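Descriptive structure summary
Residues per chain are reported as follows:
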Amino acid sequence: MDPAALPASPINLDHPGHYLHWGVIQLSVANLVVIAAMIVVFVLALLLPFPKGKGPS
Amino acid sequence: MSIGWTGRTREAAIRALPPGKLLPDEQPAYVASWIYVFGVLTLSALAIVLTSGTVLALAGPAWWHTSALGHFVNSLHLWSVELFFFFMVIHLWGKFFMAAWRGRRAMTWITGVVAFATSIGTAFTGYLVQQNFDSQWISTQAKDGLNSVGIGAFFNVLNFGQMLLWHVILLPLVLGVLVVGHILLVRLRGVVPPIPHTVDHTDAAEDKS
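Worth saying up front: this structure is predicted, and the values here are computed from it rather than measured.

Structural notes on the overall build of chain B
If you tally the helices and strands in chain B, you get nine helices and zero strands. Each helix (α) and strand (β) of chain B, taken in turn from the N terminus, gives the series α-α-α-α-α-α-α-α-α. Seen along its three principal axes, the alpha-carbon backbone of chain B occupies a region of about 55 × 50 × 40 Å. Put simply, 72% of the contacts in chain B that link residues at least 6 apart link residues at least 24 apart. With the model as given, the accessible surface of chain B reaches about 12900 Å², and the carbon-plus-sulfur share is 72%. Looking at chain B, you have 12 positive and 10 negative side-chain charges, and the mean spots of the two groups are 9 Å apart.

In structure tokens form, the structure reads like this:
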């Protein structure tokens, strides 16, 4: 398949990934974003009210 | 007259999990929270992983590397795995903070932990069989790490055929058994209630029994 025929990515992926370093710990920015998203979804799951069902008749 | 082992197994299964308990149509009030949704979201993502993986296996690498539909199904397989882990980690956090092993649910917790570890192995072997520079990089890095702890004597991450079979047969089979066992244990013991404000001695007593 011709790569030119592929739809353009919303962000430029044509470069090495960005990494963060803390001593022996190395973490990609992409993975850090995913971890942050998981924490946000976790907190929202605890705080957002759950829709009430019809209940037993 | 003896009912034989099949009859005894059937009766034991019905005693442990009668139909109303196996497929309940209502849950306790405390389950009405978004944090209880992530187990079934994980299962839904796993269903997409298995379905897209089956299509990939049916059509083969030449299809998923060269055709537009093949690329799409290949991407569907990857992104459903991403969602599978995303939901599973939130499920894990939720269950950890509600101490979900309470009330004789230790085996439910343990099967979940082992299923999580097996999922990592399954995803890892998936990265090894991508047939690109990424899989070459991952496999050459992983073999050094695995050899350094002695596991490399039992399998070889550079062996493409071995890793492909692990990815499509062995590990999904183990994961499937663990997931089914995990769900049956959830049905058997029920969904774990929230931690009470005061210490519930019933749970502690149950754990010791």
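Observations concerning the pattern of salt bridges
All names here are of chain B. Inspection of the entire model under this criterion finds one salt bridge over all chains. For Lys-143, the salt bridge goes to Asp-144, with nearest N and O atoms at 2.8 Å. On the basis of relative accessibility, which here comes to 25%, the residue Lys-143 falls in the partly exposed class. You can call Asp-144 partly exposed: its relative accessible area is 44%.

Observations regarding the interface of chain B and chain A
Every contact between the two is made by 15 residues of chain B and, on the other side, 13 residues of chain A. Its largest share of buried area at the contact with chain A, chain B owes to Trp34(B), Phe86(B) and Trp93(B), together 47% of the area lost on that side. On inspection of chain B and its partner chain A, the count reaches zero salt bridges. Summed over the shared surface of chain B and chain A, the number is one residue pair in polar contact (both at pLDDT 80 or more). It is helix α5 (residues 68-97) of chain B that provides the largest number of residues to the side of chain B that touches chain A, a total of eight residues. Taken together, the residues of the side of chain B that touches chain A break down into 11 nonpolar, four polar and no charged.

Quick word on helix α8 (residues 160-189) of chain B
Residue and element names in this part refer to chain B. The end-to-end C-alpha distance of α8 is 42 Å, a good match for the 44 Å that 30 residues give at a rise of 1.5 Å each. The largest bend in α8 is about 45°, located at Trp-166. Every buried residue of α8 is listed here: Met-163, His-167, Leu-171, Leu-175, Leu-178, Val-179, His-182 and Leu-185. Residues of α8 that are buried in the fold lie against α3 (38-59), α5 and α6 (106-128). Put simply, Asn-159 is the residue that caps the front of α8, since its side-chain oxygen is 3.3 Å from the backbone nitrogen of Gly-161. Two residues or fewer past α8, Gly-190 is found with a positive phi of approximately 85°.

About the criteria used
- Residues numbered from 1 in each chain as written.
- Chains lettered and ligands numbered in written order.
- Predicted model: local features only at pLDDT ≥ 70, side-chain atom pairs only at ≥ 80, totals over all residues.
- Heavy atoms only, no water.
- Helix = DSSP H or I, 4+ residues; strand = E, 2+ residues; numbered from the N terminus.
- Contact = heavy atoms within 4.5 Å.
- Areas by Shrake-Rupley, 256 points an atom, 1.4 Å probe, with all protein chains shown as cover.
- Lys, Arg positive; Asp, Glu negative; His and termini not counted.
- Charge placed at Lys NZ, Arg CZ, Asp CG, Glu CD.
- Salt bridge = Lys/Arg side-chain N within 4 Å of Asp/Glu carboxyl O.
- Buried < 20%, exposed > 50% of the residue type's maximum accessible area, 1.4 Å probe, protein only.
- Buried area = accessible area lost by both parts, 1.4 Å probe.
- Polar contact = N/O pair within 3.5 Å; in protein donor to acceptor, adjacent residues only side chain to side chain.
- Nonpolar A, V, L, I, M, F, W, Y, C, P; charged D, E, K, R; others polar.
- Expected span 1.5 Å × (residues − 1).
- Bend = angle between axes of the 7 residues up to and from the residue.

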